[in-house]
Amino acid sequence: MCHITPTVLSLQQAIPNSCPAKTLAPSQRLTIGLQAVAGTQTITGLADEFDVSRKFVYQQAATVQAALDDAFTAADNDDQVLFSLPVTKTWLRQAALGLTLICHSSYRGVFEFCRDLLGVNLSVGTVHNIVRDAVDKARPYNLGQNLANINSAGLDEIFQTRQPVLVGADIASTYCFLLSREDHRDADTWGTRLLELKDRGFAPTATVADFGTGIRAGQKLAMPDVPCRGDVFHALQEITPVVTYLENRAYDTIAAHDQLEQKKTKVQRQARRDQIRQVQALARKAFLAAQAEAKAVTLADDVALLARWLHDDVFAVSGLPYGDRCALFDFILGQFQVREPLCPHRLGPVCTLLKNHRDQLLAFAAQLDRDLAQLAADFQVPVTIVRELLDLRALDRRQPQRWQKEAALRQQLHHHFYHLQQAVHDLAGHVVRASSVIENINSRLRTYFFLRRELGSNYLDLLQFFLNHRRFLRSEHPERVDKSPAELLTGQTHPHWLEMLGYTRVSQN
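The structure presented is a predicted model; accordingly, all values stated were derived computationally and were not measured.

Participant: Quick question: what am I supposed to make of the pattern of salt bridges here?
Facilitator: Two side chains that carry opposite charge are able to pair once their charged atoms sit near each other. Following the criterion strictly, the structure yields 17 salt bridges and no others. E406 is the salt-bridge partner of R410, the closest N and O atoms lying 3.0 Å from each other. Of this pair, R410 and E406 both sit in helix α17 (residues 400-413), 4 residues apart, which is roughly one turn of that helix. Take R410: its relative accessible area is 43%, and that puts it in the partly exposed class. By sharing partners, the salt bridges in this structure join R132, D136, R139 and D461 into a single network.

Participant: Just checking my understanding: could you explain the sheet that holds strand β3 (residues 176-181) for this structure?
Facilitator: Strand pairing in a sheet is mediated by backbone hydrogen bonds. Such pairs are either parallel or antiparallel. Across the sheet, which stays open at both edges, the 5 strands sit in the order β3-β2-β1-β4-β5 with mixed pairing between neighbours. The sheet terminates laterally at β3 and β5 (228-230), the two strands that pair on one side only. Strand-to-strand twist in this sheet, taken as the mean axis angle between neighbours without regard to direction, amounts to 25 degrees. Two elements, strand β4 (residues 206-209) and β5, share 3 bridges in a ladder whose sense is parallel. Within β5, the residue paired with T207 across the bridge is C228. Against the sheet, helix α19 (residues 436-449) engages β1 (152-160), β2 (163-170) and β3, with an angle of about 30 degrees to β1.

Participant: Is there a simple way to explain the packing of aromatic side chains in this structure?
Facilitator: The relation between two aromatic rings is expressed through the spacing of the ring centres and the mutual angle of the planes. Per the stated rule, a full pass over the model turns up 5 aromatic pairs. With 5.6 Å between their ring centres and 40 degrees between their planes, Y141 and F465 make a pair best called tilted. With Y141 in helix α7 (residues 124-144) and F465 in helix α20 (residues 457-469), this residue pair connects regions lying 324 residues apart in the sequence. Look at Y141 and you get partly exposed, because its relative accessible area is 33%. Its end group placed over the ring of Y503, K137 keeps NZ or CZ at 5.3 Å from the ring centre. Above the plane of the ring of W403 lies R402, whose end atom (NZ or CZ) is 5.6 Å from the centre.

Participant: Explanation requested: the confidence of the model for the chain in the structure shown.
Facilitator: Parts of the model with low pLDDT should not have their predicted coordinates read in detail. Per-chain confidence: the chain averages 88 in pLDDT, with 94% of residues scoring 70 or above. Element-level mean pLDDT values for the chain span from 41 in helix α1 (residues 6-14) up to 95 in helix α12 (residues 322-339). Long-range and interchain partners of residues 1-17, a stretch whose pLDDT sits below 50, account for 14 contacts in this model, where long-range means more than four residues apart.

Participant: Whenever I open this one, helix α10 (residues 232-269) confuses me. Can you help?
Facilitator: Helical geometry: 3.6 residues make up each α-helical turn, so side chains three or four residues apart lie on a common side. Between its terminal C-alpha atoms α10 stretches 56 Å, which fits the 56 Å expected from 38 residues at 1.5 Å a residue. If you follow the buried residues of α10, they end up packed against β5, α11 (276-314), α13 (344-356), α14 (358-361) and α15 (363-379). Between a side-chain oxygen at the N-terminus of α10 and the backbone nitrogen of F233 the separation is 3.1 Å; the capping residue is D231.

Calculation criteria
Chains are numbered independently. Their residues run from 1 in the order of the written sequence. Given that this is a predicted model, residues contribute local features only at a pLDDT of at least 70 and side-chain atom pairs are listed and counted only at 80 or more, while totals for whole chains, interfaces and linings are drawn from all residues. Only hydrogens and water are removed before side-chain values are computed, so all heavy atoms of the structure are retained for them. Any carboxyl oxygen of Asp or Glu that lies within 4 Å of a side-chain nitrogen of Lys or Arg is treated as forming a salt bridge with it. Under the DSSP-based scheme used, a helix requires at least four consecutive residues in state H or I and a strand at least two consecutive residues in state E, with every element numbered from the N terminus. Burial classes follow relative accessibility: with a 1.4 Å probe on protein chains only, a residue under 20% of its type's maximum area counts as buried, one over 50% as exposed, and anything between as partly exposed. When DSSP finds two or more bridges between a pair of strands, those strands are recorded as paired. Lines fitted to the C-alpha atoms define the axes, with helices restricted to the stretch that makes contact. Angles between their N-to-C directions range from 0 to 180 degrees. Here, two residues are considered to be in contact whenever any of their heavy atoms come within 4.5 Å of each other. Stacked, edge-to-face and tilted labels apply to pairs of Phe, Tyr and Trp rings (six-membered ring for Trp) whose centres lie within 6.5 Å, assigned for plane angles under 30 degrees, over 60, and everything in between, in that order. Lysine and arginine charges are scored as sitting over a ring when NZ or CZ, respectively, is within 6 Å of the ring centre and within 35 degrees of the ring normal. Residue-level confidence of the predictor, termed pLDDT, takes values from 0 up to 100. Given a helix with a known number of residues, its expected span is that number minus one, times 1.5 Å. By the criterion applied in these results, polar contacts are pairs of N or O atoms within 3.5 Å in which, for protein atoms, one can donate a hydrogen and the other can accept it, and in which residues neighboring in sequence qualify only through two side-chain atoms.

And the structure:
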């Protein structure tokens, strides 16, 4: 039984026809209802404790149960209207563009979506006209963008039904400044397009491209003073399949040798006098297979080692001087050439690539040497110290060797250590060795290209606008999140891409 305080008693006396239930606070009513629903006490026990009727306890339990049902069944009410959209012709145009560009839908897919989900007959021709109208609004943004902020650019070619599409992008911001369907990909075509870009302020310090003759010849005609560096990614992609092929071939020779040995052992156990020649023949085959196995395994191991040296030493962002890289590059090339007769159809193209494009592939290292020397001069320290800081980045933080080297460098640099280390880190982050940005853009373009057989210049203009003004949802680089390539290039914000095309986005009130 609960003990009624004098205050509660006075309140009961002040209420005409008073009863204990009327004096209960909301929190007490909640307690009665929760305990009744939970079953921690009996209905009779609760009625006696709070000096109320059983009917009252049942009423509070029903109120609590109703509140719980509303709270947990509201999420399951799929038919509840969340908000309403004013479906106008303008909104349908926005939806058509969003389905085409955001969802990678075909024109017929937009037609089917509107027919089946909205009950609206939006024909394929109407969708085409909507996209065509957006092109006229998007093209001025593409042509009006100043390209003077581009420092390093990537150039490449992509094909659609054997039709070349020339692609160019800023390495730092991923801004696509060139997306043009052409009849040819020769030097004249590339030179013409690059001259048009120069009129818009395009003047990079260097470009990165694969080893296509048209790209390099065209750039030499249009921008003879701008170096075109070799794409390290393509070189490694040429070598990696060779390593895999030789490893698989080595495994095949191991399996063949093992089978012959097993067969020879089996015949020897069951051998009769008339099977001596068969045993000798199998022994000869097993001996030859062992030799082939040894050669294949040795070749596979050697080529894999040479490939690792290229990847981890020659092409890495490290403190290895340019001259030492060239010497190691020449040594690796010589070792490839020595082994070329053992697998000419695979190692031959690798040797040709490395021999003909050494200077282009190592151009980034020459620029890195100049940047490290400038950094050493700015901080008035030996360049060897700067190279050691660059090598320190590659060491695992879990290795004691890293912390020992860092402690030694801290002792030499004193209060300059942090600032120089940060400068080296920023410098390493801006070293351009490959046109990976172009490969990323090409992969995104492919998801649009497969929807149609023929590509028109109008469609590419709209794609270029969309890719440049659509904000990144996520990125490995935090500074790019929720920013578009155009914003990263210029440092200035712009409206949503739909608003730039003249539409007003619907906001949920």
